[in-house]
Amino acid sequence: MSVAVKKIKKHWQLYLVVLPSMIYILLFKYYPMIGVQIAFKEFNVIQGIWGSEWVGLEHFRSFVQNPNFWLLIKNTLGISLYGIAVGFPAPILLALALNEIRNGLFKKSVQMVTYAPYFISTVIMVSILIVNLSPNVGVVSKLYTAFGWETVNFMGIPAFFKSIYVWSDVWQHTGYGAIIYLAALSGVNPELYEAARVDGASRIQKIVNVDLPSIVPVTVVLLVLNVGNVMKLGFEKIYLMQNPLNLSTSEVISTYVYKVGLIGADFSFSAAVGLFNSVINLVLLLLVNALAKRLSGSSLW
Amino acid sequence: MLSVRGIRESAGDRLFLLGVYTFLVFVLLAVLLPLLHIVSSSFSSPQAVVSGKVWILPVEFSLEGYKAVFDSKSIWSGFANSVYYTVVGTFVNVLLTVLIAYPLSRRTFYGRNLIMMLLVFTMLFDGGIIPFYLLVKDLGMIDSRWALIVPGALAVFQVIIAKTFFQSSLPEEIWEAASLDGCSDIRFMTSVVLPLSKPILAVMTLMYAVGHWNAYFDALIFLKSQELFPLQIVLRNILILNTVDPTMLSNADQMLAQTGLKDLLKYSLIVVASLPILMIYPFVQKHFVKGVMIGSLKG
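**So, the interface of chain A and chain B**
At the junction of the two partners, chain A supplies 91 residues and chain B supplies 98 residues. In total, about 8,900 Å² of surface goes out of reach between chain A and chain B, with carbon and sulfur atoms giving 77% of it. By the criterion of area lost to chain B, the three top residues of chain A are Phe28, Phe119 and Arg197 of chain A, representing 8% of everything that side buries. A breakdown of the residues in the side of chain A that touches chain B according to their chemical character gives 67 nonpolar, 13 polar and 11 charged.

Okay, structure coming up:
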């Protein structure tokens, strides 16, 4: 113990410097974790989180029995998995393609242009969608009418919601996502390429046998992270894209928690729904990570 | 690779390469054209926009959309608020991140593993939005500028990126040399660590600044007063909800509500709101790739 005290004394300035950040972490990250007990209580404004009465699993029970329960699960999982299926391979594909061409103006322009959308805010992104998909001024509608089809209100059709969400995400994030794979590809030992060439490998064979194996570790880590965030579906974009017409496919757990909890002021019930969501998410992350470790040897930790 | 240039590309390879170029041209256009359409629309006349004449180039060039944007009181106040939140918020973010990331990068910092574990755990699990909201409420920050600065003062992910950077670019030996000369830890941070960390500081500043500039969720749940609203909330009201608060209206806004200018205004607004970030990004871009790499591969 005295060794520890000595070490701390010697670098007391470092401990002083860390203090504000640590206070922040404990107050804004750990205190809300304790506050999660509200999900097991009947929150009462006057008594606060600590004084309110315990009700056990009451709120969880009423969530599972809620008529919206399966719809919320279905939408949350559906949008997430669709997003991973399309959005995850997209940056890999772009990086592999960019890696095939020689460094020049064209390559640089493709990179510059494709990662610019990453910086567009969610509000603007959704406005762009709404403007372009609107039945009167939208470009998509104009294309429709140009083909002689009837224009429709795309944002109001439940069946279109998932695709609009997922593909606009691909549009916005693919270029940025490709950076990391490109960097991994640039780290490949050049001798491997030379050996492949001398052996007479075609470009496709080179990609399959040299490029792909070399990005496996990064890919696994990112995939684990993605799957581990399945339940944490981005509230921001979905909430903005919602309208009364598309709610049957656009209501997900996070938007539901916001509406019931913060707008409806039903704190305890909505905290229970949120906790239910976080726990499933954590379990998924641990499972996928363990699986990845077993199968490929790479994992998050 | 140069040494084997002599081997000629086979017909199959050249065909494949052609396919690669076609794919990339398609990707380039798919990203670029929607952006061009918006920029061009914003420079067109209201009539041309409403009647759908604008495709890729501006039609009947006009600056009316921009005039409407700059005449609007709510947009100006949102813009000013966003600048404030971004500047102050980013400063606090970068300060707190460096203050914790640097000590964590030192092997001799007793307890660093415990602190790292505390940090990483917050990335796996959180209390959720309700306890967080109640905490901010109990601290008396609801409907104040603090609410957009303090609750998000630090991002754990950025701490890990910065810590990795410090570890790989500032070996313990530099510190040992400095401490022999009688340099204290704080002195070392300000006069050695900071000057040597410009790339990571630039990346961190950009990432945090983008976050603040683009954020609307905190403002949505914590703010009630119109005069505190950041630009994104103002944009949401105009662009998505199609509503403008009557108390914030100027004459220009009232005119807008009646004329076809409203559609045009949306395009100009999209351009104006995206411009500040897009303007800084080329300057930080070269550091950016490095920053993303450091954080995600070794983190």
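Picking up after the structure, the text goes on.
**Section: the packing of aromatic side chains**
All chains considered together, the criterion is met by 36 aromatic pairs over all chains. On the numbers, 5.4 Å between centres and 90° between planes, the contact of Phe43 of chain A with Phe267 of chain A is edge-to-face. Residue Phe43 of chain A is located in the loop between strand E1 (41–42) and helix H3 (48–51), and its partner Phe267 of chain A is located in helix H16 (residues 267–296); the two are separated by 224 residues in the primary sequence. For the pair Tyr118 of chain A and Phe119 of chain A, a centre-to-centre distance of 5.4 Å together with 90° between the ring planes defines the contact as edge-to-face. Residue classification places Tyr118 of chain A among the partly exposed positions, given a relative accessible area of 24%. Residue classification places Phe119 of chain A among the buried positions, given a relative accessible area of 4%. An aromatic cluster is present here, built from Tyr24, Phe28, Phe43 and Phe267 of chain A together with Phe132, Tyr133 and Phe222 of chain B joined pairwise through their rings. Over the aromatic face of Trp54 of chain A sits the side chain of Lys41 of chain A, whose NZ or CZ is 4.6 Å from the ring centroid.

**Here's the deal with a nonpolar patch on the surface**
The grouping of Leu143, Phe147 and Trp149 of chain A together with Val25, Leu29, Leu33, Leu36, Trp55, Ile56 and Leu57 of chain B at the surface amounts to a nonpolar patch, some 950 Å² of accessible area in total. A per-element tally of the nonpolar patch places helix H1 (residues 11–42) of chain B first, with four residues. On the secondary structure map, Leu29 of chain B appears in helix H1.

**What to know about H1 of chain B**
All names here are of chain B. Taking 1.5 Å per residue as the helical rise, H1 with its 32 residues ought to reach 46 Å, and the 46 Å between its terminal C-alpha atoms agrees with that figure. Maximum bend of H1: about 25°, positioned at Leu32, with proline Pro34 one to four residues after it. Residues of H1 that are buried: Asp13, Leu17, Val20, Leu24, Val27, Leu28, Val31, His37, Ile38, Ser40, Ser41 and Ser42.

**Things to note about the confidence of the model for chain B**
For chain B, per-residue confidence averages 85 on the pLDDT scale, and 87% of positions sit at 70 or higher. Complex prediction metrics read pTM 0.89 and ipTM 0.88.

**Structural notes on the side chain of Ser168 of chain A**
Residue and element names in this part refer to chain A. Mapped onto the secondary structure, Ser168 falls in helix H10 (residues 161–186). Judged by its relative accessible area of 6%, Ser168 is buried. Residues contacting Ser168, with those up to four places away along its chain left out, are Met125, Leu129, Ser163 and Lys237.

**Overview of the environment of Lys73 of chain B**
All names here are of chain B. One can find Lys73 in helix H4 (residues 73–105). We classify Lys73 as partly exposed; its relative accessible area is 45%. In this structure the C-alpha to C-alpha distance between Lys73 and Phe166, which are 93 residues apart in sequence, comes to 45 Å.

**As for the packing of helix H4 (residues 58–65) of chain A against H16 of chain A**
All names here are of chain A. Following both chains from N to C, one finds H4 and H16 inclined at 75°, their axes separated by 9 Å at the closest point. It follows that H4 is roughly perpendicular to H16 by the angle criterion. Mapping the contact onto sequence places His59, Phe60, Ser62 and Phe63 in H4 and Ser268, Phe269, Ala272, Val273, Leu275 and Phe276 in H16. Grouping the amino acids of the contact of H4 with H16 by side-chain chemistry returns seven nonpolar, three polar and no charged.

Cut-offs used in this document
Residues numbered from 1 in each chain as written. Chains lettered and ligands numbered in written order. Predicted model: local features only at pLDDT ≥ 70, side-chain atom pairs only at ≥ 80, totals over all residues. Heavy atoms only, no water. Contact = heavy atoms within 4.5 Å. Buried area = accessible area lost by both parts, 1.4 Å probe. Nonpolar A, V, L, I, M, F, W, Y, C, P; charged D, E, K, R; others polar. Phe/Tyr/Trp six-rings, centres within 6.5 Å; stacked < 30°, edge-to-face > 60°. Helix = DSSP H or I, 4+ residues; strand = E, 2+ residues; numbered from the N terminus. Buried < 20%, exposed > 50% of the residue type's maximum accessible area, 1.4 Å probe, protein only. Lys NZ or Arg CZ within 6 Å of the ring centre and 35° of its normal. Patch = residues over 30% accessible without salt bridge, like charges linked within 9 Å, V, L, I, M, F, W, Y side chains within 5 Å. Areas by Shrake-Rupley, 256 points an atom, 1.4 Å probe, with all protein chains shown as cover. Salt bridge = Lys/Arg side-chain N within 4 Å of Asp/Glu carboxyl O. Expected span 1.5 Å × (residues − 1). Bend = angle between axes of the 7 residues up to and from the residue. pLDDT = per-residue confidence, 0-100. Axes fitted to C-alpha atoms, helices over the stretch in contact; angles between N-to-C directions. Parallel < 35°, antiparallel > 145°, perpendicular 65-115°, else oblique.

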